[in-house]
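# Tertiary structure, described
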Amino acid sequence: MSDVFCMAYVDLNPIRANIATTPETSNHTSIQQRIHSAKKAKQPKVLFPFIGNPRQNAPKGLAFELTEYIELVDLTGRCIREDKCGYIDNNLPNILTRLNISTENWLVLTTQFRTLFHGAVGNPKALTEFCQHQHLKKRAAVSVCQKLFA
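The sections below set out a description of the structure shown in this document.

Rules and cut-offs
- Residues numbered from 1 in each chain as written.
- Predicted model: local features only at pLDDT ≥ 70, side-chain atom pairs only at ≥ 80, totals over all residues.
- Heavy atoms only, no water.
- Helix = DSSP H or I, 4+ residues; strand = E, 2+ residues; numbered from the N terminus.
- Contact = heavy atoms within 4.5 Å.
- Salt bridge = Lys/Arg side-chain N within 4 Å of Asp/Glu carboxyl O.
- Buried < 20%, exposed > 50% of the residue type's maximum accessible area, 1.4 Å probe, protein only.
- Polar contact = N/O pair within 3.5 Å; in protein donor to acceptor, adjacent residues only side chain to side chain.
- 1 Å grid on protein atoms, 1.4 Å probe; cavity = no way out; pocket = protein on both sides within 12 Å on 5 of 7 lines; lining within 4 Å.
- Points joined across faces, edges and corners; volume = space filled by probe spheres on them.
- Nonpolar A, V, L, I, M, F, W, Y, C, P; charged D, E, K, R; others polar.

## Observations concerning the environment of F50
- By the element assignment, F50 lies in the loop between α3 (30-38) and α4 (66-77).
- Sequence separation between F50 and K60 is ten residues; the distance between their C-alpha atoms is 8.7 Å.
- Excluding its chain neighbours within four sequence positions, the residues that come into contact with F50 are M7, R34, Q43, L62, F64, E65, L66 and Y69.

If you want it as structure tokens, here you go:
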């Protein structure tokens, strides 16, 4: 768990230094890379993945859910500290709202991902491009993708 807290501390450095105002605008941070990838229903290949709850035979990764981490960084960044010049404005909507992801869709994506999807995933346009590139005739789960990623 301490690795996740250290990551959050580092990911908040641009906000605390008043260089960025939100995690999604914090250039050169893992949180920004994770958010960009999450919007495409992926995890960045260059970063250690979040695997959720630890268990036997679990893949290597961070024992934390990505959604929990993103919310942890957002909530922690809202704490005003006397010794820091920057923070996330408490008048801003929560991070899922700012990312234009409904809480209902986010909940579905994070709790039912493996049952809903068995192949490529993403917004319908990206899914179409992927299928064309792979010479696939059918876009699997496109209606679910359209509902959750449109």
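## Side note on the pattern of salt bridges
- Throughout the structure, instances matching the rule amount to four salt bridges.
- In this structure, D74 and R98 form a salt bridge, with 2.9 Å as the shortest nitrogen-oxygen distance. One end of the pair, D74, is in helix α4; the other, R98, is in helix α5 (residues 95-98), with 24 residues separating them in the sequence.
- For R81, the salt bridge goes to D83, with nearest N and O atoms at 2.7 Å.
- Classification of D83 as exposed rests on a relative accessible area of 54%.

## Things to note about the side chain of R78
- Positionally, R78 belongs in the loop between α4 and α5.
- Residue R78 is classed as buried on the basis of its relative accessible area, which comes to 11%.
- A polar atom in the side chain of R78 sits 3.2 Å from the backbone oxygen of D89.
- Here L92 takes part through its backbone oxygen, which lies 3.2 Å from a polar atom of the side chain of R78.
- Residues in contact with R78, not counting those within four places in the same chain, are I88, D89, N90, L92, P93, N94 and R98.

## So, the layout of surface pockets
- In this structure, the second largest pocket encloses a volume near 260 Å³.
- Around the second largest pocket, the lining is made up of 13 residues, and of these K40, K42, V121, G122 and A126 lie nearest the centre.
- The element contributing the most residues to the lining of the second largest pocket is helix α7 (residues 124-133), with three residues.
- Classifying every residue of the lining of the second largest pocket by side-chain character gives seven nonpolar, three polar and three charged.

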